[in-house]
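Chains, contacts and geometry: an overview
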There are 2 protein chains.
Amino acid sequence: MQKGNMMIKFDENEAVKSVQGALALRPQIENIVDQELARGIKNISWIGIGGTWASAKQVHVHMKERSALDTFVTNAAEYLTTGDRRIGKGTLAILSSVSGTTSEMIAAVDKLHEAGARVFAFIDTPGTTLTQMADDLILYEKNEQLKFFMTADYLMYKAGEFPDYEEYYRQLDQNLAQDLADVEKDADSLAQEFARKAKDNKLTYFVGAGNLYGAAYSYAMCYWEEMHWMRTKSIHAAEFFHGMLEIIDEDTPVVVLQGEDSQRPLTERVIRFLDKINKNHTVIDSRDYPMPGIDEKYRGSIAHLIVHGVTNRIDVHLEHEMDHDMNIRRYYRKVEY
Amino acid sequence: MQKGNMMIKFDENEAVKSVQGALALRPQIENIVDQELARGIKNISWIGIGGTWASAKQVHVHMKERSALDTFVTNAAEYLTTGDRRIGKGTLAILSSVSGTTSEMIAAVDKLHEAGARVFAFIDTPGTTLTQMADDLILYEKNEQLKFFMTADYLMYKAGEFPDYEEYYRQLDQNLAQDLADVEKDADSLAQEFARKAKDNKLTYFVGAGNLYGAAYSYAMCYWEEMHWMRTKSIHAAEFFHGMLEIIDEDTPVVVLQGEDSQRPLTERVIRFLDKINKNHTVIDSRDYPMPGIDEKYRGSIAHLIVHGVTNRIDVHLEHEMDHDMNIRRYYRKVEY
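Scoring rules and cut-offs
Residues numbered from 1 in each chain as written. Chains lettered and ligands numbered in written order. Predicted model: local features only at pLDDT ≥ 70, side-chain atom pairs only at ≥ 80, totals over all residues. Heavy atoms only, no water. Pairing = 2+ DSSP bridges. Helix = DSSP H or I, 4+ residues; strand = E, 2+ residues; numbered from the N terminus. Axes fitted to C-alpha atoms, helices over the stretch in contact; angles between N-to-C directions. Contact = heavy atoms within 4.5 Å. Least-squares fit on C-alpha atoms with pLDDT ≥ 70 in both. Parallel < 35°, antiparallel > 145°, perpendicular 65-115°, else oblique. Left-handed = near helix turned anticlockwise from the far one by under 90°. Nonpolar A, V, L, I, M, F, W, Y, C, P; charged D, E, K, R; others polar. Salt bridge = Lys/Arg side-chain N within 4 Å of Asp/Glu carboxyl O. Buried < 20%, exposed > 50% of the residue type's maximum accessible area, 1.4 Å probe, protein only. Phe/Tyr/Trp six-rings, centres within 6.5 Å; stacked < 30°, edge-to-face > 60°. Lys NZ or Arg CZ within 6 Å of the ring centre and 35° of its normal. 1 Å grid on protein atoms, 1.4 Å probe; cavity = no way out; pocket = protein on both sides within 12 Å on 5 of 7 lines; lining within 4 Å. Points joined across faces, edges and corners; volume = space filled by probe spheres on them. Buried area = accessible area lost by both parts, 1.4 Å probe.

1. Section: the sheet that holds strand β7 (residues 232–236) of chain B
Residue and element names in this part refer to chain B.
- With parallel pairing, the 4 strands of this open sheet are ordered in space as β7-β6-β8-β9. Each end of this open sheet is capped by a strand with a single partner; those strands are β7 and β9 (281–285). Across the sheet, the mean angle separating the axes of adjacent strands is 20° when strand polarity is ignored.
- Contacts from helix α9 (residues 213–225) reach β6 (204–208), β7 and β8 (254–258), with the element oriented near 170° to β7.
- Strand contacts of helix α11 (residues 264–277): β6, β7, β8 and β9, with the helix running at about 150° to β8, the strand carrying the most contacts.

And the structure:
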């Protein structure tokens, strides 16, 4: 597994191939969206739970900046209990599932269908339950956010809200995969240094805003808590000043995931505060990574992918430093509840 | 201050008077809503930040269970940076502010007005900036959730979605204030016991669902973090199983705020899990408090007020046990950022 400057668990060819393959799904996505548009889309529900709910929040804020389409985020378990009267005939529900077997998602798809909604699913694992339930299916591993953003971008393009669509994706098709692999290489030694220091943290705070808020939420919960068994709290940068600031001491570990969309000023404000009060914060700023093949004006829309490249490397080093396999679960799918 | 069975910091007459006074705002609320309906309401934005954003989430889920009205929650700082194309002429923005001077809210009201929205504000403090900016104003202290729910209920009543409105409020007008005061008295010794044990917690988890999710979020952040300087993490019960469960040990302090609305099964599931794994969880269940003057079928809509009565008593005892005045801030409105 040792390739690319002897980085552990990094196969540059695999990394590039994975992103390039996701980008190559675009004609399939466009075809599905075209067919759904022909049927008529009244509104769009990005539905998920846990990490996929967080990805839904990321794509939702991406659209909110640009679009007047009626789109919202749905938590599958809340939908199952409380329902949502907006969801019905004409609703396109878009979801992603790695396993294809998440219980809340299976039940939610049934309820979506009963309500008259159509379901467009990105699934990583062939032959699983959700693959058989979706009205529209794309089977491909990883790159959840990229798949969601590609779908959102085409929906906005078709609504006349994204005139740059073709130019933007020309740049992504040509350069994104290699540029992201380069992020991982650039970030590796910093990530290793951070992991060595962070492995002894009793509690680590993660702060994000814009399309990095969902990233902060899922990175804290689905990676640190679920995979590393490390305690975390994540908070939206907008909310940081309405309570959480008071428990910040000089040595409190805080990680700020900073992007380049409209909400960047919110994380900048948190960083200004931390610079005064705290000596143990780490800023993972997409702006620190060049992405030479992507225009400046498009960076806000891919900042979460840049930061994901950095956190990827942190995970590898944290797993190594703590000698704790990220694939082991204590309770999930092991204990009945 | 020692009244009502010698409970510290509890004045039963004051407590009853405060809730009764809030309920007496109903004709004013109805009058304002009637005028706004006459102007035309296209959609309703519950806008806030921090604790008031959490209250907005509480009333939003209350409406979602019952209503087809177009209503959503807006975070003021996100609105200021990212905007929201749904907000414009015909939008009724409803907010609450204790201080009347929260900077994000002042800026948000300006932006709401520029967009053509109308602003209906509940403010605690007379003569403050926000009182001068609101199109519709109700000045009254405390009872934020009750004020919001009364407004939501009348909006739903006028939409034909709440036929029980008059009977429900007849019961609340007659019995809610005293029944809630009795909750505080009933809960006092348990709250004291809990506070004595919890004061040494390094990190306390709060879990909620339905109209108790916003309660868990704001209780953890605006009370424990901001006022008690205690570390917390809050999580929606739906999300608990998608990461957070893995860091639960036998001795991890967890508090579940359990209500009686459609999402009660979600906290029940968390409690089933905790009963197997953990020996340090506390369930604050609205169902443990009788509320003799309120019909069973209405309890789901006031469960958050019952639980608030319990957490009120916890706060009083935590303040006392830790000898830390809840009114002191380290940074908020003291440090520039």
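2. Details of the relation of the copies chain A and chain B
- Between chain A and chain B, which share one sequence, the superposing operator has a rotation angle of 180° and an axial displacement of 0.0 Å; the RMSD is 0.0 Å. Accordingly, the operation relating the two chain copies is best matched by a two-fold axis. If distances are taken from each C-alpha of chain A to the rotation axis, the shortest is found for A:Lys233, at 2.8 Å.
- Comparing contact sets, 100% of the residues at the interface of chain A also lie at the interface in chain B, consistent with an isologous, same-surface contact.

3. Notes on the packing of helix α2 (residues 26–39) of chain A against helix α7 (residues 144–158) of chain A
All names here are of chain A.
- At a closest axis distance of 10 Å, the pairing of α2 and α7 adopts a crossing angle of 50°. What the angle tells us is that α2 and α7 run oblique. Judged by the sense of rotation from one axis to the other, the crossing of α2 with α7 is right-handed. In contact with Arg 26, Ile 29, Glu 30, Val 33, Asp 34 and Leu 37 of α2, α7 contributes Lys 147, Met 150, Thr 151, Tyr 154, Leu 155 and Lys 158.
- Residue classes in the contact of α2 with α7 are distributed as 6 nonpolar, 1 polar and 5 charged.

4. A short note on the pattern of salt bridges
- The full count for this structure, using the stated rule, is 57 salt bridges over all chains.
- Residue A:Arg85 is joined to B:Glu161 by a salt bridge in which the shortest nitrogen-to-oxygen separation is 4.0 Å. Taken as a pair, A:Arg85 in the loop between α4 (76–82) and β3 (91–97) and B:Glu161 in the loop between α7 (144–158) and α8 (165–198) lie in two separate chains rather than in one.
- Relative accessible area serves as the criterion here: at 48%, A:Arg85 is assigned to the partly exposed category.
- Where salt bridges share partners, they join A:Glu12, A:Asp182 and A:Lys185 into one cluster.

5. What about the packing of aromatic side chains?
- This structure, assessed with the given rule, holds 48 aromatic pairs over all chains.
- Ring plane angle 70° and centroid distance 6.2 Å describe the contact between A:Tyr219 and A:Trp224, whose orientation is recorded as edge-to-face. Across the pair, A:Trp224 and A:Tyr219 agree in class, each one buried.
- Over the ring of A:Trp229 we find A:Arg330, and its NZ or CZ is 5.5 Å from the ring centre.
- The side chain of B:Lys111 reaches across the aromatic face of B:Tyr79, ending 5.2 Å from its centre.

6. What about empty space enclosed by the protein?
- This model, assessed by the stated rule, comprises 3 cavities of 30 Å³ or more.
- As for the largest cavity, its lining consists of 45 residues, and the residues nearest its centre are A:Trp53, A:Lys57, A:Val73, B:Trp53 and B:Lys57.
- Counting residues per element, the lining of the largest cavity draws most heavily on helix α3 (residues 51–64) of chain B, which supplies 6 residues.
- Here the residues of the lining of the largest cavity are counted per class, giving 14 nonpolar, 19 polar and 12 charged.
- Roughly 60 Å³ of volume is contained in the second largest cavity.
- Along its surface, the second largest cavity is lined by B:Phe194, B:Lys197, B:Ala198, B:Asn201, B:Thr204, B:Pro253, B:Val254, B:Val255, B:Asn280 and B:Thr282.
- Elements supplying a minimum of two residues to the lining of the second largest cavity: α8 and β8 of chain B.
- Among the elements that take part in the lining of the second largest cavity, α8(B) stands out by supplying 3 residues, more than any other.
- When its residues are assigned to classes, the lining of the second largest cavity shows 5 nonpolar, 4 polar and 1 charged.

7. Focus on the interface of chain A and chain B
- If you look at the interface, chain A gives 62 residues, while chain B gives 62 residues.
- Taken together, the two surfaces of chain A and chain B that pack against each other cover about 5700 Å², and 53% of this comes from carbon and sulfur.
- When the area that chain A buries against chain B is broken down by residue, the three leading residues are A:His242, A:Glu246 and A:Tyr337, summing to 15%.
- Linking chain A to chain B there are 11 salt bridges.
- Here B:Glu104 makes a salt bridge to A:Arg269, at a shortest N to O gap of 2.9 Å.

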